[in-house]
Amino acid sequence: MSDLRYSKDHEYVALDGDVATLGISDFAQSQLGDIVFIELPEVGKQVAKGKEIAVIESVKAASEVYSPVSGEVVEVNPELGETPALVNDDPLGRGWLVKLRVSDPGECASLMDDAAYSSFLKTL
Amino acid sequence: MTQLDVATAAPHALAKLPLDALHRRLGARMASFAGYDMPLQYEAGIVAETLHTRRCASLFDVSHMGQAILAGAGVARALESLAPADLISLPRERTRYTQLLNENGGILDDLLVTRLPGVEERLLLVVNAARKQTDFALIRETLRPFDFNPLDRALLALQGPRAAAVLGALLPGAEDLAFMSWRAFDFGGAPLFVSRSGYTGEDGFELSLRAEHAEDLARLLLSHEDVAPAGLGARDALRLEAGLPLYGHDLDETIDPVEAGLGWSIGKRRRLEGGFPGFERIRLAFEQGPSRMRVGLLPQTKAPLREGAQLYAPDNETVGHVTSGGFSPTLQRPIAMGYVASNHANVGATLSATLRDKPIEVDVAALPFVTHRYFKTPVGKDAR
């Protein structure tokens, strides 16, 4: 998972060609606690960097997920409708949220790599 | 993501609970509540802690709540000038639920009142953390001739179907206490107040003792294989499942006890005689029925409907709003409660709400969502 790039808002993207898989970090899922519902965008939706792409409902509260990159939604995780807790159990794997065809792969370069994100977490 | 800052914030002005260090050693995630740094959840998480309470027993630290003793001859009658429960008839070592009311009958706070044993007339009050300064000022001001002493004691709640066996092994006789009754026990030479009460809908106890003894008691209880720690998140989920209102959300100064569904706590004599603030409004509410009612709500969606959501009748008229909403770990579905105009508040009525710009169906449901399992004995006639 060394090719993950993280935002300061605790989203990650993994870029494969021009398709980015987007989810939330392990830190984010642990802070949210038990996730009970996830509202995902429709396939085909255009999302701008920094805009809301999903909403995660934990027992306590609703939290918006912001897309760290711009692009078009090409797939959403079909398992999360029945099993939203996958995001708690495996946030970087089976708990991914959305796949985006990115419009500017360069946007990923401005995000943090594993080491930078780990350092960032220590400052919180 | 948003909201994360709520959980990670570490404000400096927060008061610490006496068991703060224990909570941190147990892996608690802390959050601010009513000016206190409180355990929101432990490592198990809100869902597991809620289910453990329903199946076994959980220990909650509720030391943020206000405890005080109000004493003097005639004090029960005097407190009746602020609260609508029948307090004069409250026997020694029995506990009664009531509310402090403003002059319009609006609820200033809800509280438990226990008549303490002994010749002197003494009442033990337990009030909400966020309201204790206001409550205490009101009581001091209004009931000036009486002795009023806030207590600096920890308060722990042991809740769940295994609570009686666990506590009875430690304090023989505690398991026989009736629901809403109280007794002082000895714990290592220090007085431990035990009340068979709680805020989860399960059988259980609330345990009050001096802060310096609280960690010993908490450790003893937690060392039992049936007992796990539970935080504020589980407490909120449990009380919502049990249909119990939370002050500041489901109760406030604009809401009277009858529309809040708390009319049962106003004794027959009080309904006739009055003598409490807002009697006229409350008498009318009893006589004619309240114009709005606190009801259970079942959103017909997988997404929780949260506090503040407006509720609409089929003709799109706004007929109410949600005051508490979340996800029920026991029922594995969203549940909520709120206030609805009485002509739309019958169980089974179909309302709607808007959730992130989409309409959703919300059905009016009976409270509680999860059946109460309080300890019943032949003398337990105070059962709520």
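Each chain carries its own residue numbering, running from 1 in the direction its sequence is written. Written order determines the labels here, with chains lettered from A and ligands numbered from 1. Only residues with pLDDT of at least 70 get local features here, since the model is predicted, and only at 80 or more are side-chain atom pairs given and counted; chain-wide, interface and lining totals rely on the full set of residues. Hydrogens and water are ignored here; the side-chain numbers use all heavy atoms of the structure.

## Quick look at the overall build of chain A
Turning to step 1, where the next piece is worked out: Numbering of helices and strands starts at the N terminus; helices are DSSP runs of H or I of at least 4 residues and strands are runs of E of at least 2. Secondary structure assignment for chain A yields 4 helices and 9 strands.
Turning to step 2, where the next piece is worked out: Starting at the N terminus and ending at the C terminus, chain A contains elements arranged as β-β-β-α-β-β-β-β-β-α-β-α-α.
Turning to step 3, where the next piece is worked out: A globule of 124 residues ought to have a C-alpha radius of gyration of about 14 Å, and chain A, at 13 Å, matches this closely.
Turning to step 4, where the next piece is worked out: Considered along the principal axes of its C-alpha atoms, chain A spans approximately 35 × 35 × 20 Å.
Turning to step 5, where the next piece is worked out: Contacts are residue-level and defined by heavy atoms, with any inter-residue pair within 4.5 Å sufficient. The contacts in chain A between residues at least 6 apart in sequence include a share of 61% that link residues at least 24 apart.
Turning to step 6, where the next piece is worked out: In short, Shrake-Rupley with a 1.4 Å probe defines the accessible areas, and a residue's cover is counted only from the protein chains shown. Counting every atom, chain A has about 5500 Å² of accessible surface; 48% of that belongs to carbon and sulfur.
Turning to step 7, where the next piece is worked out: The averaged location of the 22 negative side-chain charges in chain A is 5 Å from the averaged location of its 10 positive side-chain charges. We compute the radius of gyration from the C-alpha atoms alone; for a globule the expected value is 2.2 Å times N to the 0.38, where N is the number of residues. None of His or the chain ends enter the tally, which takes Lys and Arg as positive and Asp and Glu as negative. The atoms used to mark charge sites are NZ of Lys, CZ of Arg, CG of Asp and CD of Glu.

## Structural notes on the packing of aromatic side chains
Turning to step 1, where the next piece is worked out: Think of it this way: a Phe, Tyr or Trp ring, Trp meaning its six-membered ring, pairs with another when their centres are within 6.5 Å, and the plane angle makes it stacked under 30 degrees, edge-to-face over 60, tilted otherwise. Summed over all chains, the structure comprises 8 aromatic pairs over all chains.
Turning to step 2, where the next piece is worked out: Summarising the aromatic geometry, the rings of Tyr6 of chain A and Tyr117 of chain A are spaced 4.1 Å apart at their centres and angled 5° between planes, so their arrangement reads as stacked. On the criterion of sequence distance, the pair formed by Tyr6 of chain A in strand β1 (residues 4-6) and Tyr117 of chain A in helix α4 (residues 114-122) is long-range, its members being 111 residues apart. A single burial state applies to Tyr6 of chain A and to Tyr117 of chain A, both of which are buried.
Turning to step 3, where the next piece is worked out: Taking the centre distance of 5.5 Å and the plane angle of 25° together, the rings of Tyr97 of chain B and Trp264 of chain B count as stacked. Of this pair, Tyr97 of chain B sits in strand β6 (residues 95-101) while Trp264 of chain B is found in the loop between α8 (232-241) and α9 (268-273), placing the two residues 167 residues apart along the sequence.
Turning to step 4, where the next piece is worked out: The rule is simple: take the accessible area with a 1.4 Å probe, protein chains only, and divide by the maximum for that residue type; under 20% is buried, over 50% is exposed, in between is partly exposed. Here Trp264 of chain B falls in the partly exposed class, since its relative accessible area comes to 41%.
Turning to step 5, where the next piece is worked out: Note that Arg153 of chain B overlies the ring of Phe193 of chain B, its terminal NZ or CZ placed 3.8 Å from the centroid.
Turning to step 6, where the next piece is worked out: The ring centre of Phe375 of chain B lies 3.8 Å from the NZ or CZ of Arg196 of chain B, which sits over that ring. When the NZ atom of lysine or the CZ atom of arginine is within 6 Å of a ring's centre and also within 35 degrees of its normal, the charge is said to sit over that ring.

## So, the pairing of strand β6 (residues 52-58) of chain A
Each regular strand shows side chains that alternate between the opposite faces of the sheet.
Residue and element names in this part refer to chain A.
Turning to step 1, where the next piece is worked out: Counting buried positions along β6 gives 6 out of 7 residues, so the element sits mostly inside the fold.
Turning to step 2, where the next piece is worked out: A pair of strands is considered paired only if DSSP assigns at least 2 bridges between the two. By the bridge criterion, 4 bridges tie strand β4 (residues 35-39) to β6 in an arrangement that is antiparallel. Bridge assignment links Ile35 to a residue of β6, and that residue is Ser58.
Turning to step 3, where the next piece is worked out: Pairing analysis gives 5 bridges linking β6 to strand β7 (residues 62-66), with the strands arranged antiparallel. Bridge pairing in β7 links Ile56 to Ser63.
Turning to step 4, where the next piece is worked out: Where β6 folds back onto β7 in an antiparallel hairpin, the turn is made up of 3 residues.

## Topic: the domain arrangement of chain B
Residue and element names in this part refer to chain B.
Turning to step 1, where the next piece is worked out: How far each domain reaches was decided by an automatic or database domain assignment. If you check the domain split of chain B, you get domain 1 (4-63 + 152-241) and domain 2 (291-365).
Turning to step 2, where the next piece is worked out: Summarising the inter-unit geometry, the C-alpha centres of domain 1 and domain 2 are found 31 Å apart.
Turning to step 3, where the next piece is worked out: Each partner contributes residues to the interface: domain 1 has 8 residues there, and domain 2 has 11 residues.
Turning to step 4, where the next piece is worked out: Throughout, buried area stands for the accessible area (probe radius 1.4 Å) lost by two parts on being put together, summed over both. When the two sides are added together, the surface that domain 1 and domain 2 hide from each other amounts to roughly 700 Å², 69% of it contributed by carbon and sulfur.
Turning to step 5, where the next piece is worked out: On the domain 1 side of the contact with domain 2, Arg239, Leu240 and Glu241 bury the most area, a combined 64% of that side's loss.
Turning to step 6, where the next piece is worked out: Between N or O atoms, a polar contact is any pair within 3.5 Å; within protein, one atom must be a potential hydrogen donor and the other a potential acceptor, and residues adjacent in sequence are included only when both atoms are from side chains. If you look at where domain 1 meets domain 2, you find 4 residue pairs in polar contact (both at pLDDT 80 or more).
Turning to step 7, where the next piece is worked out: Listed by contribution, the elements that provide at least two residues to the side of domain 1 that touches domain 2 are α3 (46-55) and α8.
Turning to step 8, where the next piece is worked out: Here the side of domain 1 that touches domain 2 is composed, by residue class, of 4 nonpolar, 1 polar and 3 charged. Throughout, the ten residues Ala, Val, Leu, Ile, Met, Phe, Trp, Tyr, Cys and Pro are labelled nonpolar, Asp, Glu, Lys and Arg are labelled charged, and all others, Gly among them, are labelled polar.

## Focus on the sheet that holds β1 of chain A
Residues and elements named next belong to chain A.
Turning to step 1, where the next piece is worked out: Spatially, the 6 strands line up as an open sheet ordered β1-β2-β3-β9-β8-β5, and their pairing is antiparallel. In the strand order of this sheet, the two ends are held by β1 and β5 (46-47), each with one partner.
Turning to step 2, where the next piece is worked out: Alignment of strand β3 (residues 19-24) against strand β9 (residues 98-102), held across 4 bridges, turns out to be antiparallel. Paired with Thr21 across the strands is Lys99, a residue of β9.

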